[in-house]
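Observations on the model geometry
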Amino acid sequence: MSRDRLVGAFLVALSAACFGAMAIFARFAYADGAEPVAVLFLRFLLAGIVLGVVMISGRRAWPRGRNLWVLAAMGGICYVGQSLSFFVALEHAAAGLVALLLYLYPFLVTVLGAVLLRRRLTMARMSAVLIALLGTALTLGGGLSGAPLGIGLGLTAALIYSVYILVGGIVLTREDPLGAATVVMIAAAVVFGGIVAIERPAFPATVVGWSAIVAIAIVSTVVAMVSLFAGLRRVGAADAATLSTLEPVVTFALAAVFLGEPLRGHQLLGGAIILAAVIWLTRSGAAPDAPVASQVPQPAAGGGSGRSSAS
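Reading the values: rules and limits
- Just so you know, the residues in each chain are numbered from 1, in the order the chain's sequence is written.
- Local features in this predicted model are restricted to residues whose pLDDT is 70 or higher, and side-chain atom pairs enter the listing and the counts only when it is 80 or higher, whereas totals over whole chains, interfaces and linings include all residues.
- Here the side-chain values reflect all heavy atoms present in the structure, with hydrogen atoms and water set aside.
- To qualify as a helix, a DSSP run of H or I must reach at least 4 residues; to qualify as a strand, a run of E must reach at least 2; elements of each kind are numbered from the N terminus.
- Residue exposure (1.4 Å probe, protein chains only): buried if accessible area is under 20% of the type maximum, exposed if over 50%, otherwise partly exposed.
- Throughout, a contact is declared for two residues whenever any of their heavy atoms are within 4.5 Å.
- All accessibility values rest on the Shrake-Rupley procedure with a 1.4 Å probe; residue burial counts only the protein chains present in the view.
- By this rule the span expected of a helix is its residue count minus one, scaled by 1.5 Å.
- One confidence number per residue, pLDDT, is output by the predictor and ranges from 0 to 100.
- For our purposes a nonpolar core is just a set of buried Ala, Val, Leu, Ile, Met, Phe, Trp, Tyr and Cys residues, chained together by side-chain atoms within 4.5 Å.
- Fitted lines through C-alpha atoms serve as axes, helices being fitted only where they are in contact, and the angles separating the N-to-C directions of these axes extend from 0 to 180 degrees.
- Any angle between 65 and 115 degrees counts as roughly perpendicular, while under 35 counts as roughly parallel, over 145 as roughly antiparallel, and the rest as oblique.
- A crossing counts as left-handed when the near helix is turned anticlockwise from the far one by less than a right angle, and as right-handed when that turn is clockwise.
- Note on definitions: the grid is 1 Å and covers protein atoms alone; a cavity is a set of points where a 1.4 Å probe fits but cannot get out; a pocket is an open set with protein on both sides within 12 Å along at least five of seven lines; lining residues have an atom within 4 Å of a point.
- Grid points are joined across faces, edges and corners, and a volume is the space filled by probe spheres set on the points.
- Under the grouping applied here, Gly and all other residues not named as nonpolar or charged are polar, the nonpolar ones being Ala, Val, Leu, Ile, Met, Phe, Trp, Tyr, Cys and Pro and the charged ones Asp, Glu, Lys and Arg.
- The rule for a salt bridge is simple: a side-chain nitrogen of Lys or Arg has to be within 4 Å of a carboxyl oxygen of Asp or Glu.
- When two rings of Phe, Tyr or Trp (its six-membered ring) have centres within 6.5 Å they constitute a pair, described as stacked for plane angles under 30 degrees, edge-to-face for angles over 60, and tilted for the intermediate range.
- What makes a patch is a set of residues exposed beyond 30% relative accessible area and free of salt bridges, joined within 9 Å when like-charged and within 5 Å when nonpolar (Val, Leu, Ile, Met, Phe, Trp, Tyr).

**Description of the overall build of the chain**
Along the backbone of the chain there are 12 helices and zero strands. For the chain, the N- to C-terminal ordering of α and β elements is α-α-α-α-α-α-α-α-α-α-α-α. For the chain, buried positions account for 50% of its 311 residues. Counting only contacts in the chain whose residues sit at least 6 apart along the sequence, the fraction spanning at least 24 positions is 87%. Element-wise, carbon and sulfur atoms account for 70% of the exposed surface of the chain, whose accessible area totals about 13,600 Å².

**Examining helix H2 (residues 36-57)**
Each full turn of the α-helix corresponds to 3.6 residues, which orients residues three or four apart in the same direction. With 22 residues, H2 ought to run about 32 Å at 1.5 Å a step, and its terminal C-alpha atoms sit 32 Å apart, in line with that. Immediately beyond the C-terminal end of H2, within one or two residues, lies Arg59, with a positive phi of roughly 50°.

**As for the confidence of the model for the chain**
Put simply, the chain has an average pLDDT of 80, and 85% of its residues get 70 or more. Note on residues 287-311: pLDDT is under 50 here. Beyond four places in sequence and across chains, it has 53 contacts.

**Points about the nonpolar core**
Tyr164, Met225 and Phe229 are the most contacted members of the largest nonpolar core, which totals 61 residues. In terms of residues, this core owes the most to one element, helix H8 (residues 177-199), which gives 11 residues. If near-sequence neighbours (up to four positions away) are discounted, Met225 is found in contact with Phe19, Tyr79, Tyr164, Ala181 and Met185.

**Overview of unusual backbone geometry**
The phi angle at Arg59 is positive, at roughly 50°, despite the residue not being glycine. A positive phi is found at Arg200, a non-glycine position, where the angle reads about 50°. Along the polypeptide, Arg200 turns up in the loop between H8 and helix H9 (207-235).

**Considerations on the packing of H8 against H9**
Running from N to C, H8 and H9 cross one another at 130°; their axes reach a closest spacing of 9 Å. The orientation of H8 relative to H9 falls into the category oblique. Note that H8 runs across H9; the crossing there is right-handed. Seen from H8, the contacting residues are Pro177, Leu178, Ala180, Ala181, Val184 and Met185; seen from H9, they are Thr221, Met225, Val226, Phe229, Ala230 and Arg233.

**What about the layout of surface pockets?**
Considering only enclosed or pocket space, the largest pocket measures out at about 1,200 Å³ in volume. In terms of lining, the largest pocket is formed by 36 residues, of which the most central are Ala23, Phe86, Ala99, Glu247 and Thr251. Those elements that provide at least two residues to the lining of the largest pocket are helix H1 (3-31), H2, helix H3 (65-89), helix H4 (95-102), helix H11 (246-258) and helix H12 (265-284). At seven residues, H1 tops the list of elements feeding residues into the lining of the largest pocket. Class assignment of the residues belonging to the lining of the largest pocket gives a composition of 25 nonpolar, six polar and five charged.

**Section: the pattern of salt bridges**
Inspection of every chain in the model, using the stated rule, returns three salt bridges. The closest approach of N and O atoms between Arg5 and Asp239, which form a salt bridge, is 3.2 Å. Of the two residues, Arg5 sits in helix H1 while Asp239 sits in helix H10 (residues 237-243), which places them 234 residues apart along the sequence. Assessed through its relative accessible area of 0%, Asp239 is described here as buried. We note a salt bridge from Asp176 to Arg60, for which the minimum N-O separation is 3.0 Å. Of this pair, Asp176 sits in the loop between helix H7 (148-171) and H8 while Arg60 sits in the loop between H2 and H3, placing them 116 residues apart in sequence. Residue classification places Asp176 among the partly exposed positions, given a relative accessible area of 27%.

**Focus on the packing of aromatic side chains**
For the structure shown, the criterion picks out six aromatic pairs. Ring geometry for Tyr79 and Tyr164: centres 5.1 Å apart, planes at 75°, overall edge-to-face. Of the two residues, Tyr79 is situated in helix H3 and Tyr164 in helix H7; the sequence distance between them amounts to 85 residues. With a relative accessible area of 5%, Tyr79 lands in the buried category.

**Considering the environment of Leu6**
The topology assignment puts Leu6 in helix H1. Assessed through its relative accessible area of 44%, Leu6 is described here as partly exposed. Linking Leu6 and Val235, residues 229 residues apart in sequence, is a C-alpha distance of 8.5 Å.

**Quick look at H8**
With 23 residues, H8 extends 33 Å between its outermost C-alpha atoms, agreeing within 8% with the 33 Å of an ideal straight helix rising 1.5 Å per residue. Arg200 occupies a position one or two residues after H8 and carries a positive phi of about 50°.

**Remarks on a nonpolar patch on the surface**
Judged by side-chain polarity, Val50, Val54, Val214, Ile218, Val219 and Val223 come together as a nonpolar surface patch covering roughly 370 Å² of accessible area. When residues of the nonpolar patch are traced back to their parent elements, those giving at least two are H2 and H9. By residue number, the principal contributor to the nonpolar patch is H9, which donates four residues. With respect to the element layout, Val219 can be found in helix H9.

Quick look at the structure:
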């Protein structure tokens, strides 16, 4: 296993941990009177401002040309569409079912990458994806009832996020993760700003709620997104998606520590299975997400498949 791959796996795991903490922060924001659309708008607005300041003060190069428009679409269309699909699905299906449907995206990323982008599909990678999916199902547990609309929107959220990960893996072969994340955040903030202007949702009422919003913006957006993009460049879209299944494990662990929510046996078992899949995938040195035709074979003594610089 190369050092670059190990660093990439760590960065994706860090991203998953930061994303997993967002549900805890959001609970405090909602308890303070904030509505979901307001939280999403403030999340991307504050994150965009912070990243923009870092970009300007560091005189870093901004994405340009086609990549700029692709990244803007990732934020303004994919991220917004995925978020809205997920939240509306929660109104028509149980939270456990909607979350499980969303976490189909590692499987979708792997399959779509193989079919549409001719990514190498190894046995180790597919096995890790399926094991992680089983662990996610156990972690999220029961409450799997829902209307067809909720199920359809949950699947839509997973499909949109899969496209987001795949496209991001391609663009990040040519762009700096910090600049890419900044464009995505600003684009999402602009679109959610328009929604807020129309719906006029409630904002946080006290310092507690605003502190939770700041934590969502810094920890669960800035750190999470930049880490994810940096990890994507090193391990590829399919493996990054599978490694990201650590997120629900972190959420349940933090909920137990900070909110006093009990950890059930099936959640512990599911978390252990996900961790096992992540460790196996990281140590296996699965083939990167390069097209099959461009793989460079290793000498026979190496016993492994080729690795290229693609995402």
